[in-house]
Each structure stands twice: as C-alpha cells, then as structure tokens.
Amino acid sequence: VADRAQVLFFCVSDMGAIEPMYQYSLPWFVDLFVRSIAASEKSDDLAKRMENLNGHFQYSLYCNVCRSLFEKDKLLFSYHVATRIMINEGELE
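The rules behind each value
Residues numbered from 1 in each chain as written. Predicted model: local features only at pLDDT ≥ 70, side-chain atom pairs only at ≥ 80, totals over all residues. Heavy atoms only, no water. Helix = DSSP H or I, 4+ residues; strand = E, 2+ residues; numbered from the N terminus. Rg over C-alpha atoms; globule rule 2.2 N^0.38 Å. Buried < 20%, exposed > 50% of the residue type's maximum accessible area, 1.4 Å probe, protein only. Lys, Arg positive; Asp, Glu negative; His and termini not counted. Charge placed at Lys NZ, Arg CZ, Asp CG, Glu CD. Salt bridge = Lys/Arg side-chain N within 4 Å of Asp/Glu carboxyl O.

Quick question: what am I supposed to make of the overall build of the chain here?
When its secondary structure is counted, the chain shows 4 helices and 0 strands. Traced from its N-terminal end to its C-terminal end, the chain shows the element sequence α-α-α-α. For the chain, the C-alpha radius of gyration of 14 Å lies close to 12 Å, the compact-globule estimate for 93 residues. Based on the C-alpha atoms only, the size of the chain along its principal axes is roughly 40 × 30 × 20 Å. For the chain, with 93 residues in total, the buried portion stands at 34%. Treating the 9 positive side-chain charges of the chain as one cloud and the 13 negative ones as another, the clouds have centres 7 Å apart.

Help me out: how do you make sense of the pattern of salt bridges in this one?
Oppositely charged side chains can pair when the atoms bearing their charge come close. In this structure the tally under the stated criterion is 6 salt bridges. Its salt-bridge partner being Asp31, residue Arg35 comes within 3.1 Å of it at the nearest N-O pair. Placement of the pair is Arg35 and Asp31 together in helix α2 (residues 26-39), with a separation of 4 residues, close to one helical turn. Residue class for Arg35 comes out partly exposed when judged on its relative accessible area of 47%. One salt bridge in this structure joins Lys48 and Glu51, with 3.8 Å as the shortest N-O distance. You can see Lys48 and its partner Glu51 sitting in helix α3 (residues 46-68), 3 residues apart, about one turn around the helix. On the accessibility criterion, Lys48 (35% relative accessible area) is partly exposed. Residue classification places Glu51 among the exposed positions, given a relative accessible area of 52%.

That is the geometry; function is a separate question.
This is how it looks when you write it as structure tokens:
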C-alpha cells in the first residue's frame, strides 16, 4: 500500500512541472489517504484488504486531482499514473 501511495504522490507532485497552478500539498494527500482507509471496503483477508485500499485510494485520488486539472491535462495525468504504476510493478521498463 505504501509503495503504491508513494508512486501516486510523486505523480501528483510531477503535475506542477506541467502547469505551475497544479500544486498539491502532502497534508492534502495524507488526508485523502486516511479518508480512503476509512471508506474502502473492509476484509478479514489482508491481501484483499490491501487490494481494496489501493483501488479505493487510487480512484479517489484520480477523481480529486482530475477535478482540478484543465481538460487538456487529464489524459496526460492518466497516462503518467498508469506508466508509473506499471514501471513500479516491473511491467514496463
């Protein structure tokens, strides 16, 4: 979970290089993460719980960030997140 969260945080922070207006704080990110912990589907199986948490947080972050992006940058953000996750998981070099 922490590994995916750090990938997502740096994807969000990289958006500042695209448009200086895109500045997101660490406290905002942590708050969103804590809300995802509370809101994601619970499970007694640890692997399933981590999968639920990753999925919920990723979707929540995507929705919240896209709400503040210009239309022209939404696809770029999606691509950046997808490629960074794939690189982190060893699916892409």
